[in-house]
Amino acid sequence: MRMNIESAPVNPISRLDQSLDSYVHHREEILNRVRRMLIACLDLRKEPDEIDPDTVLFGSGLGLDSVDNVEIVISLEVDFGVKFTDADARRRALRSVNAIVDAVLAADKESTV
Amino acid sequence: MVMASSKEVPYMHADSTAVTGIGVTSALGTGCNALWDAIQQGRDGLRPIMRFSTEGFSSGLAGLWPAWDNLANGWDSVSSRPTAATPRVVEMALVAADEAWGQAGIEKSGVPRQRVALVLGTCFGERLEGFHTLTEAVAEAFGADGPRLTISTACSSSANAIGLARDLLRAGVADVVMAGGADALWPMVFAGFHALGALTTGKCTPFSELPGTTLGEGAGFLVLERLKQARARGAEPLALVLGYGLSADAYHPSAPDPTGSGIGRALRGALSDAGLQAADIDYVNAHGTGTAANDAAECRGLAEVLSGCDRRVPMSSSKSFLGHGQGAAGVLELIVTILAIRRGKVPPTMNFTRPRPGCAVDAVGGQYPRSHPVRHALGVSAGFGGANAVVAVGRVDTQLNVPPLRHRPVTLLGVGGVGPGGSSVDTLALAQQEILPLRGPVGTISLGAILPTADPRGMDPVTTFVTAAAKLALDDAGITVRGTMRDRAGIVLGTTRLPVTNCRRLWESIEQRGLRAIAAPPFSRNTVNSPAGACAKLLALRGPHSSVSTGPTTGLAAIIYAAEMLAEREDSDLLLAVAADEVGPPGGGGDISEGAVSVLLARRGGPIERETSSRAVPSIDVVGWGIAGPGCIADAARSAGALIDLPDGVLDVGGGGRQCLAPKVEDATSLPLGYAPVEAALLGAEATAAAWAVALAVRRLRRLEARSLLVTASGGRSAAYALRLAARQNDAEASHREGCG
């Protein structure tokens, strides 16, 4: 478990001032909030833990479309305070459920610095 | 009036449909003269919105009716819901209707009031809820006491309404039909288009840069009558309505099918209905919203159908003058088209610079109309839910080579329904016999069990009911819609309101997050026809697509419109008529009972019926139907042929059916199977009650309890309907013998 995370790509969150355990815990918490947000705002007929964190949002994943895209962007802003400054950042963040979690964590960090 | 028989009969009323009056209110003011003068002078009507704040939106422009410029801010400051100060759409509609009515001179014509019908198309009705009441208010102001029908297929509503009006005239249901539509621009609609990213920052530039639309509002009406009658009474025919076509994209709630094949099917339907070839078309008034998705799809659809002609045929978008008039767009643009035909000039697409990629058409660039004689023209409309409608109009001297119309017999192959407590047609029948009221919510439906391919994501309750009922009707008939059948299979929905749960979610998003953060997914499904659009996608029903709303008679209205289309049109083999109600969340303004009932209709002896020929149940034929003005249920029953061939019993909604066979039968209770008021068992099922009555009639006929039955629906101020069903004699005898043996 520990080894796995250690070898994962560098995360946006600084690990110097947070223990790994609390980071994992925090990330799990955000993941679950993101899952619940997706279920509510897109009317998904799924339980939160049925949504794999690596699920792709568009195409063959959750099968979302451009209308849902708009709704996720607004919900991220309203529920998490995530604001996208450019279209590229938005596209990157909406690639998968995990990418959304990364964006939320990054925004979190920015606002607490 | 309409009278179907078991044999094909040549049509009684084969005559052209003439336009004898036109009236309009739009961004270019009040009246046709104001409209054409502005077009002639190269002056558009797109101006800054003063009616509500547009701060924070991607656009601040719209095509608004100038007469409402001084309106007080008529919207709730938190929710943007309409308040008492909100303008009433009926005002705008009455001004337009008055001009058309006066020009046609109907007052002096001597046409009886009961023979004057009104068909109105609207996307959002009177303040987002009154759909059939808007139509009734306009009809009452003019004493139009014939049928008052409301079509709500989003932005193609009024184009569909004009097509239906032509059908009513051709079928002899009325002698004069006022047809058109009306919609105002509400803050919610503006915010929804903003959320979808569909608004451009400046004035829209269809087929050119930059993509995006500008919204608008308005009302328009055409007075239609048979050409022969117009000439006989000395009225000046202004143009002809030659035909129309409807189709479904079966693709997405708000985005058009990018291949343009949905538009293509409606175009082909209109051409064949009008007896025109692609080469006959001299001008196309395009839907041309200006959005990247619409313009490219529309150009593809037109290119495919007009095959090579599309570069030659001028094709302009009047939205560059008027903005997108939503449900009224179809009629506003047909009025521009008729004025263009009469003046020998086609209007430009304003602000056109250079063609957008994928839009290599002659969009009539420049600021002024171009001299170009037009004999035949097409008006294209496309709406949310994938509802497409195309209307063909032409010069009065158009000589067409239309084959004589045939009234082909229609058969009923299947029924399916989900009702209160998950009830089916059988449980309802028991309840009806015992007079046990069924009311309330449907409960949980596992759509996956009925239709394994369904993705329930984003499906609101009423959409689930509609899809379940439609699939159950297909299963009942043993039919799977597949292959080329899909392009010739369609749906007609009957319902009285916007999808309740979805609508509630939309308002909640505004209340909680503000108008600027309105939720896009529920907005894209916030149209009356949206359940039909979703059902069409899931069941691949790509043919004729419509959605009617006539109050407590709505269920029968949908079934009769479907029967009428099968009897008289060439573009479909199979139509599902579905009626639906939804309770929705508390306080959501929904119905007090809910569910959906679907009836599967096809042509007798046609390709669909042949697929089901080995079935054990007796075949049920739709042997007659009638539509009449509100309260005139006896006229509807007579038109259905019920007085010539008395039914064994009457199933009724609204109470009017009891005396509808007078003077032949004073009280229907004296018929062998008597009189059954269906709503006693179905309290509060507004749209579905009359469709349940049809389902019950089918059940009794299949069980050989009766030879023929009449279903009637009246009540409300829209219209009265009668539908006559009969078990096919040979089948009934055969299965009776089998049963005895």
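Everything numeric here is computed off the predicted structure, so don't read it as measured data. (Residues numbered from 1 in each chain as written. Chains lettered and ligands numbered in written order. Predicted model: local features only at pLDDT ≥ 70, side-chain atom pairs only at ≥ 80, totals over all residues. Heavy atoms only, no water.)

On to the overall build of chain A, then. Looking only at helices and strands, one finds 5 helices and 0 strands in chain A. Listed by position from the N terminus, the elements making up chain A come as α-α-α-α-α. The 113 residues of chain A split such that 38% are buried. Taking all contacts inside chain A whose residues are at least 6 apart in sequence as the whole, residues at least 24 apart take part in 55%. (Helix = DSSP H or I, 4+ residues; strand = E, 2+ residues; numbered from the N terminus. Buried < 20%, exposed > 50% of the residue type's maximum accessible area, 1.4 Å probe, protein only. Contact = heavy atoms within 4.5 Å.)

What follows covers the overall build of chain B. A tally of regular secondary structure across chain B gives 21 helices and 27 strands. For chain B, whose C-alpha radius of gyration is 24 Å, the value lies close to the compact-globule estimate of 27 Å for 741 residues. The principal-axis extents of the C-alpha atoms in chain B amount to approximately 80 × 60 × 45 Å. In chain B, buried positions account for 67% of the 741 residues. Put simply, 78% of the contacts in chain B that link residues at least 6 apart link residues at least 24 apart. As presented, chain B carries roughly 22900 Å² of accessible surface, and 52% of it is formed by carbon and sulfur atoms. (Rg over C-alpha atoms; globule rule 2.2 N^0.38 Å. Areas by Shrake-Rupley, 256 points an atom, 1.4 Å probe, with all protein chains shown as cover.)

A few words now on the layout of surface pockets. One number sums up the size of the largest pocket: a volume of about 700 Å³. Contributions of two or more residues to the lining of the largest pocket are made by α3 (66-80) of chain A together with α8 (292-306) and β15 (376-383) of chain B. Broken down by element, the lining of the largest pocket gets its largest block of residues, 5 residues, from α8(B). Considered as a void within the structure, the second largest pocket measures approximately 580 Å³ in volume. Lining the second largest pocket are 24 residues, and of these B:Pro253, B:Asp455, B:Arg457, B:Ala534 and B:Lys537 lie nearest its centre. (1 Å grid on protein atoms, 1.4 Å probe; cavity = no way out; pocket = protein on both sides within 12 Å on 5 of 7 lines; lining within 4 Å. Points joined across faces, edges and corners; volume = space filled by probe spheres on them.)

All names here are of chain B. Position of Gly716 relative to the elements: it lies in the loop between β26 (708-713) and β27 (720-727). Overall, the relative accessible area of 46% leaves Gly716 in the partly exposed class. The spacing of Gly716 and Gly654 is 62 residues in sequence and 8.3 Å in space, taken between C-alpha atoms. When sequence neighbours within four positions are dropped, the list of residues in contact with Gly716 reads Pro552 and Pro630.

Residues and elements named next belong to chain B. For the coordinates displayed, the defined rule picks out 4 cavities of 30 Å³ or more. Within this model, the largest cavity holds a volume of roughly 100 Å³. Leu149, Thr150, Leu164, Leu168, Val548, Thr550, Ala557, Ile560, Tyr561, Glu564, Ile627 and Tyr721 together form the lining of the largest cavity. Elements represented by at least two residues in the lining of the largest cavity include exactly β7 (148-151), α4 (157-170) and α17 (554-568). Tallying contributions element by element places α17 first for the lining of the largest cavity, with 4 residues. Broken down by class, the residue content of the lining of the largest cavity amounts to 9 nonpolar, 2 polar and 1 charged. (Nonpolar A, V, L, I, M, F, W, Y, C, P; charged D, E, K, R; others polar.)

The next subject is the interface of chain B and chain A. Chain B puts 16 residues into the contact, and the matching count from chain A is 17 residues. With both sides pooled, the region where chain B packs onto chain A buries about 1300 Å², and carbon together with sulfur makes up 52% of that total. Of all residues in chain B, B:Arg457, B:Arg513 and B:Pro521 bury the most surface against chain A, accounting for 45% of the area lost on that side. Ionic pairing is found between B:Arg505 and A:Asp43, a salt bridge with its closest N-O pair at 3.5 Å. (Buried area = accessible area lost by both parts, 1.4 Å probe. Salt bridge = Lys/Arg side-chain N within 4 Å of Asp/Glu carboxyl O.)

A few words on the packing of helix α1 (residues 32-40) of chain B against helix α10 (residues 329-343) of chain B. Residues and elements named next belong to chain B. Packing of α1 against α10 leaves a shortest axis separation of 11 Å and a crossing angle of 70°. Judged on the interaxial angle alone, α10 and α1 are roughly perpendicular. Of α10, the residues touching α1 (which contributes Cys32, Asn33, Leu35, Trp36 and Ile39) are Ile335, Val336, Leu339, Ala340 and Arg343. Class assignment for the residues of the contact of α1 with α10 results in 8 nonpolar, 1 polar and 1 charged. (Axes fitted to C-alpha atoms, helices over the stretch in contact; angles between N-to-C directions. Parallel < 35°, antiparallel > 145°, perpendicular 65-115°, else oblique.)

Next up on the list: the side chain of B:Ser158. All names here are of chain B. Following the sequence through the fold, Ser158 ends up in helix α4. Using a relative accessible area of 0% as the deciding quantity, one classes Ser158 as buried. Polar side-chain contacts of Ser158 include one of 2.7 Å to the backbone oxygen of Gly327. Excluding its chain neighbours within four sequence positions, the residues that come into contact with Ser158 are Gly121, Gly180, Gly181, Gly327, Ala328, Ala329, Gly330 and Val331. (Polar contact = N/O pair within 3.5 Å; in protein donor to acceptor, adjacent residues only side chain to side chain.)

Among the nonpolar cores identified, the biggest contains 110 residues, and B:Val119, B:Leu412, B:Leu556, B:Leu601, B:Val694 and B:Leu725 are the most heavily contacted of them. Each residue touching B:Leu601, except ones within four places of it in the same chain, is listed here: B:Val410, B:Thr411, B:Leu412, B:Ile559, B:Ala562, B:Ala563, B:Leu566, B:Asp573, B:Leu574, B:Leu575 and B:Val622. Grouped together as the second largest cluster of nonpolar side chains are 62 residues, A:Val67, B:Ala100, B:Val138 and B:Val528 included. (Core = buried A, V, L, I, M, F, W, Y, C linked by side-chain atoms within 4.5 Å.)

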